[in-house]
Amino acid sequence: FKHSFCCICPIYKRSPDMTKSLMTKSEQLLRIDDHDFTMRPAFGGPPIPVGVDVQVESLDTISEVDMDFTMTLYLRHYWKDERLSFPSTNNQSMTFDSRLVKKIWVPDMFFVHSKRSFIHDTTTDNVMLRVYPDGNVLYSLRVTVTAMCNMDLSRFPLDTQTCSLEIESYAYTDDDLMLYWKKGNESLNTDDRISLSQFLIQKFHTTTKLAFYSSTGWYNRLYIHFTLRRHIFFFLLQTYFPATLMVMLSWVSFWIDRRAVPARVPLGITTVLTMSTIITGVNASMPRVSYIKAVDIYLWVSFVFVFLSVIEYAAVNYLSTVQERKERKLRERLPCTCGIGNPDEMMIDPQITGYGSTDVNITGNYGLPENGGRQERILAQVALNDPQITGQVKASRGYVNIWIDTHAIDKYSRVVFPGAYILFNIIYWSIYL
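Sequence positions are assigned chain by chain, starting from 1 and proceeding in written order. A pLDDT threshold of at least 70 governs which residues receive local features in this predicted model, and a stricter bar of 80 or more applies before side-chain atom pairs are shown or counted, although totals over entire chains, interfaces and linings include all residues. Side-chain measures here rest on the full set of heavy atoms in the structure, leaving out hydrogens and waters.

Thoughts on the pattern of salt bridges
Cut-off, in case you're wondering: Salt bridges are defined by distance alone: a side-chain nitrogen of Lys or Arg within 4 Å of a carboxyl oxygen of Asp or Glu. Helical segments are the DSSP runs of H or I of at least four residues, strand segments are the runs of E of at least two, and each set is numbered from the N terminus.
A full pass over the atoms with the stated rule returns 15 salt bridges. Of the charged contacts in the structure, one is a salt bridge between Arg 230 and Glu 64, with a shortest N-O distance of 2.4 Å. Of the two residues, Arg 230 is situated in strand 12 (residues 217-230) and Glu 64 in the loop between strand 1 (48-63) and strand 2 (68-80); the sequence distance between them amounts to 166 residues. Residues Lys 293 and Asp 296 are paired through a salt bridge, measuring 3.0 Å at the closest nitrogen-oxygen approach. It is possible to trace a salt-bridge network through shared partners that takes in Glu 64, Asp 159 and Arg 230.

Written out as C-alpha cells, the structure reads:
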C-alpha cells in the first residue's frame, strides 16, 4: 500500500494550474507589485497625455419625449505608463482582459449628462488592455450610453437636431491629465450601416473644450457631435395629408343646399371632430413644450378653416331664417294678389318686375322655381310696384329691400376658403422647407 501511494505522488505534483502560473509570470514581468498604481503615471510632473478615439457601432434610439439618445460605441484610450514597460526581444505586445485592468492605473472617464450607461458583459466583460514593451498602453471597452440631448422642436417635424456625447475625466484636472482626440476629427469612425427610422444622419464631427467647475477647477472635455435631419414623408402621410383632406372635405358643404340641414351639419361636426383627433394624436407622442411647433401651426390653422366652414353655414342658415320671417310678415300685410290682375303677365313685364321673359324661360314655370324663393321674391316686387299697395306698406321701410341672397355667401365661400388655404400652404412650406 505504501509503494502504491508513492507511485501516485509524482502524478499529483505534476498537475499545477498553468493559467495561474502564466498570469503570475505576466504580473511579475510587468512588475505590478513593485509600483503604486493608485497614482497616475509621472505623478508630480507634467500632465499625462491621454489620446482617445471612438468607433460608433450603432445609434439606437432618439427620443423626443425624454430628450435623449442611446448610442453603442467602442471607446479606446492611449497613454504611456513607464511602470508597465518590460523587456522584449521581438517587441510584441501583451493583451489582457478586465482582470488586469483592476490592478493598474487607467483613466477615469465618464460621460457628461449621461442618464444610463453600462459596459457590455456578454459573454465576458467587453474590456481589452494591450501593453507594449515601451510602456504604451491601449485600453478599449464597449459601452452603451444614454445621454441627454436638448432638442429644439419649434420646427418639428421639419427640424434638424444636433446632439452631443461628452467625455471627461472625473477626478483629474487639466493639470494632471490632458485629454485629446488622438487623430483629430479622424479619431471618430462610424459604421456605414448605421441608420434610423425617423432621421437621416448628416454628419459626425469632434471638438475639444475646457469645462470649469467652481469647486474643482478646469477639465478637458471631448465632444462627439452628430447632426440628424428628420424624415418628413412619414408625417406627410400621417398628419399633413389627413389634415388637408379634412379641410377640403369641409368645403363640400358649400355645394350642398342650405335647406339640407341633416347633410351640412353632420359634415361640419365630423370634420371638426376628426381634426381634434389628429391634433390629440400628434401631441400625445410629443413632449409638453411651452412653445408652438411647426406642426401645431399647420394643424390649428386647418382646424380654424374647418371650424369657420361650420360657422359659415350657421350664418347662411340664420340669414335665411331672418329673410323668411320678413317675407312672411310682408305677405300678411299685402292684400290678396287676385286684385293685382294676371300675375303671370305682370311678372313677364320687365317694367314692373325687372325680370323679362328670358328669366321665366330659364327658371322653368312660375309654380316650380329654381331656388324655392324666386316666386316669393317676384311676387313681393310686383306688389311693391303697385301704387295702391305701396301706399299701404309705405310706413314699413324695412320691407322695401327684403331680399338677402344667402346663396351668395356659399358662392363666395367656394372661392375664398380654398384660395386662403392655398395661400397659407404656400407661406407655410416656403418658411419651413
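So much for the structure itself; the text now carries on.
Let's talk about the packing of helix 4 (residues 233-250) against helix 12 (residues 407-432)
Rules: Each axis is a line fitted through C-alpha atoms, and for a helix only the stretch in contact is used; angles between axes span 0 to 180 degrees, taken between their N-to-C directions. Any angle that falls under 35 degrees is termed roughly parallel, while one over 145 is termed roughly antiparallel, one within 65 to 115 roughly perpendicular, and all others oblique. By convention, the crossing between two helices is left-handed when the near helix turns anticlockwise from the far helix through less than a right angle, and right-handed when the turn is clockwise. Contact between two residues is taken to exist if any of their heavy atoms lie within 4.5 Å; hydrogens are not considered. Nonpolar residues are Ala, Val, Leu, Ile, Met, Phe, Trp, Tyr, Cys and Pro. Charged residues are Asp, Glu, Lys and Arg, and all others, Gly as well, are polar.
Where helix 4 meets helix 12, the closest approach of the two axes is 12 Å, and the angle between their N-to-C directions is 155 degrees. The pairing of helix 4 with helix 12 is recorded here as roughly antiparallel in orientation. As for how helix 4 packs across helix 12, the hand of that crossing is right-handed. Residues Leu 236, Tyr 240, Ala 243, Thr 244 and Val 247 of helix 4 form the contact with helix 12, whose participating residues are Tyr 421, Tyr 428 and Trp 429. Residue classes in the contact of helix 4 with helix 12 are distributed as seven nonpolar, one polar and no charged.

What to know about the packing of aromatic side chains
For clarity, the threshold we go by: To pair, rings of Phe, Tyr and Trp, with the six-membered ring standing in for Trp, must have centres within 6.5 Å; the planes then decide the type, stacked if under 30 degrees apart, edge-to-face if over 60, and tilted in the middle. For the exposure calls, accessible area comes from a 1.4 Å probe over protein chains only, and a residue counts as buried if that area is under 20% of its type's maximum, exposed if over 50%, partly exposed in between.
Counted according to the given criterion, the structure contains 26 aromatic pairs. Taking the centre distance of 5.2 Å and the plane angle of 80 degrees together, the rings of Phe 156 and Phe 235 count as edge-to-face. Here Phe 235 lies in helix 4 and Phe 156 lies in the loop between strand 7 (136-148) and strand 8 (160-169), a separation of 79 residues in the sequence. The residues Phe 156 and Phe 235 share a single accessibility class, namely buried. Measuring from ring centre to ring centre gives 6.1 Å for Tyr 298 and Trp 429, while their planes differ by 55 degrees; the resulting arrangement is tilted. Of this pair, Tyr 298 sits in helix 6 (residues 294-333) while Trp 429 is found in helix 12, placing the two residues 131 residues apart along the sequence.

Details of the packing of helix 4 against helix 6
Viewed as axis vectors pointing N to C, helix 4 and helix 6 meet at an angle of 15 degrees, and their least axial separation amounts to 9 Å. Classed by the angle they form, the pair helix 4 and helix 6 counts as roughly parallel. Helix-helix and strand crossings are classified by hand; for helix 4 and helix 6 the assignment is left-handed. Between helix 4 and helix 6, the residues in contact are Thr 239, Tyr 240, Ala 243, Thr 244, Met 246, Val 247 and Ser 250 and Ala 294, Val 295, Tyr 298, Leu 299, Ser 302, Phe 305, Val 306 and Ser 309, respectively.

Quick notes on the environment of Thr 70
Within the fold, Thr 70 resides in strand 2. When its relative accessible area of 14% is taken as the criterion, Thr 70 is described as buried. For the pair formed by Thr 70 and Ser 58, sequence separation is 12 residues and the distance between their alpha carbons is 8.6 Å. Once you skip the residues sitting within four places of it in the chain, Thr 70 turns out to touch Ser 58, Leu 59, Asp 60, Thr 61, Thr 144, Val 145 and Thr 146.

Let's talk about the nonpolar core
Stated precisely, the cut-off is as follows: We define a nonpolar core as any set of buried Ala, Val, Leu, Ile, Met, Phe, Trp, Tyr and Cys residues linked to one another through side-chain atoms lying within 4.5 Å.
In this structure, Val 54 and Phe 69 are the most contacted members of the largest nonpolar core, which totals 83 residues. Beyond its immediate sequence surroundings of up to four residues, Phe 69 is in contact with Leu 59, Thr 61, Ile 62, Val 145, Thr 146, Ala 147, Met 148, Cys 149, Cys 163, Ser 164, Leu 165 and Phe 226.

A closer look at a nonpolar patch on the surface
As a reminder of what qualifies: A patch is a set of surface residues, each over 30% in relative accessible area and not in a salt bridge, joined within 9 Å for like charges and within 5 Å for the nonpolar side chains Val, Leu, Ile, Met, Phe, Trp and Tyr. Per-residue and other accessible areas follow the Shrake-Rupley method at a 1.4 Å probe size, with only the shown protein chains counted as cover for residues.
On the surface, Val 261, Val 265, Ile 269 and Leu 273 cluster together to form a nonpolar patch covering roughly 310 Å² of accessible area. Among the structural elements, Val 265 can be located in helix 5 (residues 261-284).

Observations concerning the sheet that holds strand 12
The strands that make up a sheet are held in pairs by hydrogen bonds between backbone atoms, and each pair lies either parallel or antiparallel. In plain terms, the rule: At least two bridges found by DSSP between two strands are what make those strands a pair.
Pairing is antiparallel across the open sheet formed by four strands, whose spatial order is 4-8-12-11. Only two strands of the sheet have a single partner each, and these edge strands are strand 4 (109-112) and strand 11 (199-213). Ignoring strand direction, the axes of neighbouring strands in this sheet form an average angle of 25 degrees.

Overview of the confidence of the model for the chain
Quick reminder of the rule: Confidence scores here are pLDDT values: one per residue, from the predictor, ranging 0 to 100.
Here the chain shows a mean pLDDT of 82. Residues at 70 or above account for 78%. Note that residues 389-402 has pLDDT below 50 and, in this model, 23 contacts with residues that lie over four places away or in other chains.

Some words on the UniProt feature "transmembrane region" (unreviewed entry) in the chain
Filter applied, for reference: UniProt positions are given in the numbering used here, feature names are shortened, and annotations may be inferred rather than shown by experiment.
UniProt tags residues 232-255, 267-285, 297-319 and 415-432 as "transmembrane region" (unreviewed entry). Taken end to end, residues 297-319 is 100% helix and 0% strand, and its first and last C-alpha atoms sit 32 Å apart. In residues 415-432, the share of helix is 100% and the share of strand is 0%. The end C-alpha atoms are 26 Å apart.

Details of unusual backbone geometry
Note that the residue after Thr 122, namely Thr 123, is joined by a cis bond; omega there is 0 degrees. Among the secondary structure elements, Thr 123 is positioned in the loop between strand 5 (114-119) and strand 6 (127-131). For the bond running from Phe 156 to Pro 157, omega is 0 degrees, close enough to zero to count as cis. The residue Pro 157 is located in the loop between strand 7 and strand 8 in this model. Here the phi dihedral of Ala 42 falls at roughly 55 degrees; this positive angle occurs in a residue that is not glycine.

Section: the pairing of strand 1
Two strands pair when backbone bridges link them, and strand 1 and strand 9 (residues 177-181) are joined in this way by five bridges, in the parallel orientation. Among the inter-strand pairings, Val 52 is bridged to a residue of strand 9, identified as Trp 181. As defined by bridge partners, strand 1 adjoins strand 2 across 11 bridges and the pair is classed as antiparallel. Residue pairing across strands places Gly 51 opposite Tyr 78, the latter belonging to strand 2.

Topic: the state of the cysteines
Going by this rule: Criterion for a disulfide: a pair of cysteine sulfur atoms within 2.5 Å.
All chains considered together, the criterion is met by one disulfide. Paired by a disulfide, Cys 149 and Cys 163 hold their sulfur atoms 1.9 Å apart. Disulfide Cys 149-Cys 163: the torsion about the S-S bond is -75 degrees, which places it as left-handed. Of this pair, Cys 149 sits in the loop between strand 7 and strand 8 while Cys 163 sits in strand 8; the two residues are 14 residues apart in sequence, bridging distant segments of the chain. Given the relative accessible area of 1%, Cys 163 is considered buried.

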